[in-house]
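# Chains, contacts and geometry: an overview
Here is what each chain is made of, one letter per residue.
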Amino acid sequence: MKFETKAIHAGQDPEPTTGAVVVPIFATSTYAQDAPGKHAGYDYSRTDNPTRSALQTALAALEGVDEASGGGATATASGMAAASLLGYTLKVGDHVLLPDDAYGGTFRFFARVLGEQGFAWSVAKATDPAAVAAAIRPNTKLVWLETPSNPLLRIADMKAISAIAHDAGARFVVDNTFATPYLQRPLDFGADVVLHSTTKYLGGHSDVVGGGLVTRDPELHERLRFLQNAAGPVPGPFDAFLVLRGIKTLAVRMERHCANAMAIAEFLAADARVAEVMYPGLTSHPDHALAHRQMDAFGGMVSFRPKGGAEAAHRLVERTELFFLAESLGGVESLIEVPAAMTHMSVVGTALQVPDDLVRVSVGIEHVDDLIGDLDRAMG
Ligand SMILES: *Cc1c(COP(=O)(O)O)cnc(C)c1O
């Protein structure tokens, strides 16, 4: 089955008792049993819920995992809940290697939560595999990667970094939130586990917070499912329903996000009021060739630096009308922000360098002429 078909059918057969073509929201905490321990596969909704199961089957299918092989997806209450489940796979003293350009919350979790509990972490320049190799320690158990990265939109070589992680006996996790499985399937490039914030493109409508982990490794999958039940960061059935509904249109939305982002990147690159544009689809992007090898298209995120420094960046984001000034990304509506003052505040002043004049846009699926007009006017 092709991606577009899986997005609509995987885990989403008609409901057997009524024929409903949409997976229902199973709003129930518990399930009646015929005899103690004798039930239809569900006993308590932290452990399992049919709406969440359908979402997990769909997530696994999109990342190219066959549940029959023992791998699968674990849906969580947020992207950070997915990160924290991975944290529970570690032991005190283990080392986590993070990319230099990571989602602010990921950095905060390892630096200020696990880091304070005796876990070691450090940062390596992910666009330089030799630097990643040099940063490996004897106790490195997790090598983390985001590609494209956030907010600088650099691309890292997944095959090269997976080889480094595996040589060191560490697991390789790729946060695939920005690309989505429609554009990039990290398990095919050596990732052991893929992390998603389904809050973003998979949900796609800025109306739900969720996350998930997908792996082909049966042992890891079983452990993650155990941790999902034991630690309890599960999505409710309504949230699972919203993400599943978003997934159905992922392919068509991503096509428009990518086309609009490319047009906006080209507009900005040609504009004298702009100092620098970061978009992996531009041939001028330093990682364009690598992006081409790893991704089917280049995504809906564009970062740029207007001339005039942080002051110009702040003025611009306050003046757009269609681009809402807000954190987050991946919804149908366009958003704009200044990472150094918003999403990435927790990394300012650390080794992670986010320029204070950087503007990040999440390009929505509105008509591109209106979006370009909005940026043009806001830049004055
Ligand atoms: C948003 C985001 C997260 C965290 O997800 P939440 O759903 O907000 O907890 C992790 N990684 C990336 C790349 C993100 O954009």
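Everything numeric here is computed off the predicted structure, so don't read it as measured data.

### Topic: the site of the ligand
Near the ligand, the surroundings consist of 13 residues, among which Met80, Asp175, Ser197, Thr199 and Lys200 are the closest. Contact between the ligand and serine 197: an oxygen atom at 2.8 Å from a side-chain N or O atom of the residue. Protein chains shield 93% of the accessible area of the ligand, which is 380 Å² for the free molecule. Residue composition of the shell around the ligand, by class: four nonpolar, six polar and three charged.

### Examining the environment of glycine 190
Residue position: glycine 190 is located in the loop between helix 7 (180–183) and strand 6 (193–197). Spatially, the C-alpha atom of glycine 190 lies 5.9 Å from that of lysine 159, the residues being 31 residues apart in sequence. The residues contacting glycine 190, other than those within four sequence positions of it, are Ser162, His166 and Phe172.

### Brief notes about the domain arrangement of the protein
When its domains are assigned, the protein resolves into domain 1 (3–248) and domain 2 (251–379). Distance from the C-alpha centre of domain 1 to the C-alpha centre of domain 2: 26 Å. Of the residues lining the interface, 42 residues belong to domain 1; the matching set on domain 2 comes to 43 residues. At the boundary of domain 1 with domain 2, total buried surface from both sides reaches about 3,200 Å², with 61% on carbon and sulfur atoms. Three residues stand out in domain 1 for area buried against domain 2, namely Ile155, Leu183 and Tyr201, and they jointly supply 23% of the buried area on that side.

### Some remarks on the sheet that holds strand 8 (residues 274–278)
If you trace the five strands from one edge of the open sheet to the other, you get 8-9-12-11-10, paired in mixed fashion. The two strands at the open ends of the sheet, each matched to only one other strand, are strand 8 and strand 10 (324–325). Across the sheet, helix 12 (residues 309–319) is in contact with strand 9 (301–306), strand 10, strand 11 (335–337) and strand 12 (359–362); its angle to strand 9 comes to roughly 130 degrees.

### What about helix 6 (residues 158–167)?
Among the residues of helix 6, those classed as buried are Met158, Ile161, Ser162, Ile164 and Ala165. Buried residues of helix 6, seen end-on, are gathered within an arc of 160 degrees and therefore sit on one face of the element. Turned more than 90 degrees off the buried face of helix 6, the exposed positions are Lys159 and Asp167. On the buried face of helix 6, the contacting elements are helix 5 (129–135), strand 4 (140–146), strand 5 (171–175) and helix 11 (288–294). Sitting at the head of helix 6, aspartate 157 places a side-chain oxygen 3.2 Å from the backbone nitrogen of lysine 159. Within two residues after helix 6, glycine 169 carries a phi angle of roughly 75 degrees, on the positive side.

### Notes on the pattern of salt bridges
Oppositely charged side chains are able to pair whenever their charged atoms sit close together. All told, the structure shown has eleven salt bridges when counted by the stated rule. Among the salt bridges present, the one from glutamate 337 reaches arginine 360, with a minimum N-O distance of 3.1 Å. Separated by 23 residues along the polypeptide, glutamate 337 in strand 11 and arginine 360 in strand 12 bring together distant segments of the chain. Across the pair, exposure class does not vary: glutamate 337 and arginine 360 are buried alike. Overlapping salt bridges, with partners in common, bring together Asp271, Arg273 and Asp376 in one network.

The rules behind these values
- Residues numbered from 1 in each chain as written.
- Predicted model: local features only at pLDDT ≥ 70, side-chain atom pairs only at ≥ 80, totals over all residues.
- Heavy atoms only, no water.
- Near = heavy atom within 4 Å.
- Polar contact = N/O pair within 3.5 Å; in protein donor to acceptor, adjacent residues only side chain to side chain.
- Areas by Shrake-Rupley, 256 points an atom, 1.4 Å probe, with all protein chains shown as cover.
- Nonpolar A, V, L, I, M, F, W, Y, C, P; charged D, E, K, R; others polar.
- Helix = DSSP H or I, 4+ residues; strand = E, 2+ residues; numbered from the N terminus.
- Contact = heavy atoms within 4.5 Å.
- Domains from an automatic or database assignment.
- Buried area = accessible area lost by both parts, 1.4 Å probe.
- Pairing = 2+ DSSP bridges.
- Axes fitted to C-alpha atoms, helices over the stretch in contact; angles between N-to-C directions.
- Buried < 20%, exposed > 50% of the residue type's maximum accessible area, 1.4 Å probe, protein only.
- Arc of directions from axis to C-beta.
- Salt bridge = Lys/Arg side-chain N within 4 Å of Asp/Glu carboxyl O.

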